[in-house]
Amino acid sequence: MRFFEEIAAREDRNLYEIVLYPEGLFYKAYERSAFACVSRVSPFRPSKKHIKYCARDMVSVGFPAAVLSKYFPSAPRPLADGRVVIALTDRIDPGACEVWKASLPLKERQPRGSAGRMAYVAAPPAEERTRPLFAPLAGSSPEAPASVPCGSMVGAKVPMSGVPGSVATAPGPAAPYGQTAATALRTAAVANPKAERVVRMIREFRLEAATPVECLLFVADLKKELDGYL
């Protein structure tokens with residue numbers, strides 16, 4: 001079974017445990033385990049997302065692994081797969097869990113190209129496009145040009161520092177003026193289909209509505225994605 005399918009199957013039977021899953025530098029609890037954490041341990045901020053391949057919504061809470069002892073002073077040693085299972089004396093109420101879960105807002109995925117998420121780069125004034133790139137150093141050769149129009153060095157041969165007689169091609173042009181940041185990211189991801197998933201994760205993450213812990217969890221998720229193919 002896939003990751004969330006396994007969690008869903010386990011949590012649907014769970015009545016006396018809080019199961020914590022290691023994810024990067026954090027522990028996360030799902031479904032009934034998450035309900036038990038919020039109702040019995042601490043008012044963690046839950047997050048509800050729709051898992052497409054499970055055809056169901058799932059709730060989770062998380063906290064840094066470094067503070068495990070703060071919330072669970074008597075937590076047992078992790079199992080071989082890294083999970084920490086805390087036994088409960090009182091039974092989890094499945095009905096109360098479902099009512100709580102239904103009351104939580106679903107974290108919607110924002111559609112591509114939605115208004116408000118597109119950042120445009122304005123073209124600079126004409127006079128700025130021909131201003132000097134570098135100011136001449138004191139005592140420099142008078143033959144050295146003090147002003148170089150923007151774009152004139154693209155594709156030019158320039159010497160490499162420390163290697164006499166060598167040349168290197170200057171980098172090509174950047175994204176055209178007026179191009180959106182989202183378009184630039186999509187263009188950069190075309191050459192690597194795996195990078196498209198990372199770009200999509202960044203674009204769809206609602207930073208303005210996320211807590212600091214959710215931001216850290218998001219960075220951990222990004223690291224897991226990048227570690228898979230970099």
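Quick caveat: nothing in here was measured; it's all calculated off a predicted structure.

**Q** Looking at this model, I keep getting lost on the pattern of salt bridges. Mind explaining?
**A** Side chains that differ in charge, positive against negative, can pair when their charged atoms come close. Tallied over the full model, the rule gives six salt bridges. Notably, a salt bridge pairs Arg83 with Asp81, separated by 2.7 Å at the nearest N-O pair. Judged by relative accessible area, which is 15%, Arg83 ranks as buried. One continuous salt-bridge network, built from bridges that share partners, spans Asp12, Glu31, Arg56 and Lys101.

**Q** I tried to follow the packing of aromatic side chains on my own but got confused; where do I start?
**A** Each aromatic ring pair is summarised here by two numbers: the centre-to-centre distance and the angle between the ring planes. Using the criterion set out here, one finds twelve aromatic pairs in the structure. Ring plane angle 20° and centroid distance 5.6 Å describe the contact between Phe44 and Phe63, whose orientation is recorded as stacked. One end of the pair, Phe44, is in the loop between helix H2 (31-41) and strand E3 (47-51); the other, Phe63, is in strand E4 (residues 56-64), and 19 residues separate them in sequence. Residue classification places Phe63 among the buried residues on the basis of a relative accessible area of 3%. Put simply, the rings of Phe3, Phe4, Tyr21, Tyr30 and Tyr53 pair up and form one aromatic cluster. The ring centre of Tyr53 lies 3.7 Å from the NZ or CZ of Arg2, which sits over that ring.

**Q** I keep staring at the pairing of E3 and nothing clicks. Help me out?
**A** For a regular strand, the rule is simple: side chains alternate between the two faces of the sheet. Sheet topology note: the E3/E4 ladder contains five bridges and is antiparallel. Along E4, the bridge assignment pairs Lys49 with Met58.

**Q** In this structure, what is going on with the sheet that holds strand E1 (residues 17-23)? I would like to understand it.
**A** Each strand in a sheet pairs with its neighbour through backbone hydrogen bonds, running either in the same direction (parallel) or in the opposite one (antiparallel). Judged by pairing direction, the sheet is antiparallel, and its five strands sit side by side in the order E3-E4-E2-E1-E5 without closing on themselves. At either end of the open sheet lies a strand with only one pairing partner, and these are E3 and strand E5 (84-87). Strand after strand, the sheet turns through a mean of 35° between neighbouring axes, direction not considered. Relative to E5, E1 runs antiparallel, the two being bridged by four bridges. Across the sheet, residue Ile18 finds its bridge partner in E5, namely Ile86. Where helix H1 (residues 3-11) meets the sheet, its contacts fall on E1, strand E2 (26-30), E3 and E4, and the angle it forms with E1 comes to roughly 165°. Against the sheet, H2 engages E1, E2 and E4, with an angle of about 50° to E4.

Reading the values: the criteria
- Residues numbered from 1 in each chain as written.
- Predicted model: local features only at pLDDT ≥ 70, side-chain atom pairs only at ≥ 80, totals over all residues.
- Heavy atoms only, no water.
- Salt bridge = Lys/Arg side-chain N within 4 Å of Asp/Glu carboxyl O.
- Buried < 20%, exposed > 50% of the residue type's maximum accessible area, 1.4 Å probe, protein only.
- Phe/Tyr/Trp six-rings, centres within 6.5 Å; stacked < 30°, edge-to-face > 60°.
- Helix = DSSP H or I, 4+ residues; strand = E, 2+ residues; numbered from the N terminus.
- Lys NZ or Arg CZ within 6 Å of the ring centre and 35° of its normal.
- Pairing = 2+ DSSP bridges.
- Axes fitted to C-alpha atoms, helices over the stretch in contact; angles between N-to-C directions.
- Contact = heavy atoms within 4.5 Å.

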